[in-house]
Amino acid sequence: MTRDLWLETHSYLRPLAGLSAAIDGAAAAIEGFDARIPDWDDYRPDFLAGVPLLSSADAAVDLEPGGRMASALLGRLASGTSPEWLVADCRALDQDLRRVPNGSRRIADYLLGEETLIPPFPGLLRYLAWTAMARFLRPVVNAFDGWRDEDRWLRRYCPTCGSLPAMAQLVGVDPGRMRLLSCGCCGTRWQFKRTGCPFCETDSQRLASVTIEGEPGLRIDHCESCGGYLKTYDGQGNETLMLSDWSSLHLDLIAHERGLRRLAASLYEFEPERHI
Ligand SMILES: [Zn+2]
Ligand SMILES: [Zn+2]
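Computed from a predicted structure; not experimentally measured.

(A) Layout of the pairing of strand 2 (residues 178-182). Most of strand 2 is tucked away, with four of its five residues classed as buried. The pairing of strand 1 (residues 167-171) with strand 2 spans five bridges and is classified as antiparallel. Bridge pairing links Q169 to L180 in strand 2. Two successive antiparallel strands, strand 1 and strand 2, enclose a turn made up of six residues, where G172 displays a positive phi of approximately 80°. Two strands pair when backbone bridges link them, and strand 2 and strand 3 (residues 189-192) are joined in this way by four bridges, in the antiparallel orientation. Among the inter-strand pairings, L180 is bridged to a residue of strand 3, identified as Q191.

(B) Region of interest: the coordination of the zinc ion (ligand 1). Distances from the zinc ion (ligand 1) to its protein donors, C158 (SG), C161 (SG), C183 (SG) and C186 (SG), fall at 2.3 to 2.4 Å. Bound by four donor atoms, the zinc ion (ligand 1) shows angles of 100 to 119° at the metal and therefore tetrahedral coordination geometry. Mapped onto the sequence, the donors of the zinc ion (ligand 1) take the spacing C-x2-C-x21-C-x2-C. A residue is classified by how much of its surface remains accessible, and C161, at 8% relative accessible area, is buried.

(C) Just the coordination of the zinc ion (ligand 2), in detail. Every protein donor of the zinc ion (ligand 2) is accounted for by C197 (SG), C200 (SG), C223 (SG) and C226 (SG), and the metal-donor separations fall at 2.2 to 2.3 Å. For the zinc ion (ligand 2), the four donor atoms in the first shell make angles of 105 to 120° at the metal, a pattern classed as tetrahedral. All donors of the zinc ion (ligand 2) come from a single chain, and their spacing in sequence reads C-x2-C-x22-C-x2-C. Placement of the pair is C197 in the loop between strand 3 and strand 4 (207-211) and C223 in strand 5 (residues 218-223), with a sequence separation of 26 residues. Each member of the pair, C197 as well as C223, carries the same accessibility label: buried.

(D) Local environment of the packing of aromatic side chains. Scanning the model with the defined rule gives 10 aromatic pairs in all. Here W40 and F144 contribute two aromatic rings whose centre-to-centre distance is 5.4 Å and whose plane-to-plane angle is 10°, an arrangement assigned as stacked. In this pair, W40 sits in helix 3 (residues 40-48) while F144 sits in helix 7 (residues 122-147), placing the two residues 104 residues apart along the sequence. Both residues of the pair, W40 and F144, count as buried. Both rings, one in Y43 and one in W147, keep their centres 6.0 Å apart while their planes meet at 50°; by these two values the pair is tilted. Taken together, the residues Y43 in helix 3 and W147 in helix 7 connect sequence positions 104 residues apart. What makes W147 partly exposed here is its relative accessible area of 21%.

Rules used in this analysis
For every chain, the first residue of the written sequence is number 1, and numbering continues from 1 along that sequence. Chains carry letters and ligands carry numbers; both start at the beginning, A for chains and 1 for ligands, and go up in the order they are written. This being a predicted model, a pLDDT of at least 70 is required before a residue's local features are given, and a value of 80 or more before pairs of side-chain atoms are given or counted; all residues contribute to the totals for chains, interfaces and linings. Based on all heavy atoms of the structure, the side-chain values leave hydrogens and waters out of the count. Remark: exposure states derive from per-residue accessible area (1.4 Å probe, protein chains only) relative to the maximum for the residue type, with buried under 20%, exposed over 50%, and partly exposed in between. Each helix is a run of H or I in the DSSP string that is no shorter than four residues. Each strand is a run of E no shorter than two, and both are numbered from the N terminus. Two strands qualify as a pair provided DSSP detects at least 2 bridges between them. Because water is not among the atoms used, a metal site may look incomplete, as its donors are only the N, O and S atoms within 2.8 Å, or 3.2 Å for Na, K and Ca. Just to be clear on the cut-offs, tetrahedral is four donors with all angles between 85 and 135 degrees, square planar is four donors and octahedral six with opposite donors over 155 degrees apart and all others between 65 and 115, and anything else goes down as irregular. Stacked, tilted and edge-to-face are the three classes applied to pairs of Phe, Tyr and Trp rings, where Trp contributes its six-membered ring and a pair requires centres within 6.5 Å; stacked means planes under 30 degrees apart, edge-to-face means over 60, and tilted covers the rest.

No statement about biological role is implied by the geometric values presented.
Quick look at the structure:
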C-alpha cells in the first residue's frame, strides 16, 4: 500500500496528507544533527526502574541540537510557501520563541512535558518540534531498539520519550504473535501485553475490537472499563503510512461516534482541518 493509493480511496485525507508532506519536506531541508548514542550500561538501572531514556540523567541524551533543528524548521516554515494559515501561525510562534533565552533547550524541555514555554499555538509547536526531534533521535531510537530487552519494559508509556502510545500494531503469527505500541512523538515501537488496556490504571483485560468495512489492515480496539480506544494496524510492511496517525483519522471519527474516548497521545490536537 502506497501513500498515493491510500489517498485514492481516502480522498478526504488529502489536506492532512498535504500538510504532513509540507512539514516533512521542510524538515528534510534543514541542517540535521544526530543524537549521540548513550552508554547503555549507564542507563540500565534507570531502564529497569521504568525511567524513559530521555528522562534519565544517567543516559544524559542531550536534546539541545534537536531543539535547534526544531527552531530551524519553524523559521523555514515561517518564511516558506506553505498554506497561508501555517505560515502565519509559524511566524507568530517563531517571533515568540526568538524572545526566549536558550530557546532550543526550552523547546526540548517543553517536548518532555516541562511547562517552560507558553507559546501562542502549543499544539502546532509540539507537532513541528517533534517532527524535527524525531529526525534528530532516529539513530538513538534505532540503537535503543537493538539494545532493549522488551520483556523488561512492557509498560504503557514509550521507553524513549515517556509518551502514551498513539497507535498499536500486531505483528507475527501465533504462537509468537505480539502487540507493539507505537509512539507518535519519537517514533519508537515497543512491546506490550497482547491483551489489556494501556490506559487503565486498573490493568483492565476487557478489550473489544471493531473491524472496519473496507479496511482489512486496521481496527479499533477499545476498553470496556475506561472507554479508551487504540487504533491498531494489523499488518506489517507499511508502518510509515499506517502508523502515521493522520492516515487513519476516519477511524477516530468512527470511534468518536461510538462514544469512545481518545486517550492515545495525538500530535493532531491543533485541528489543522479547521484551516483547510
Ligand atoms: Zn516516544
Ligand atoms: Zn481501559
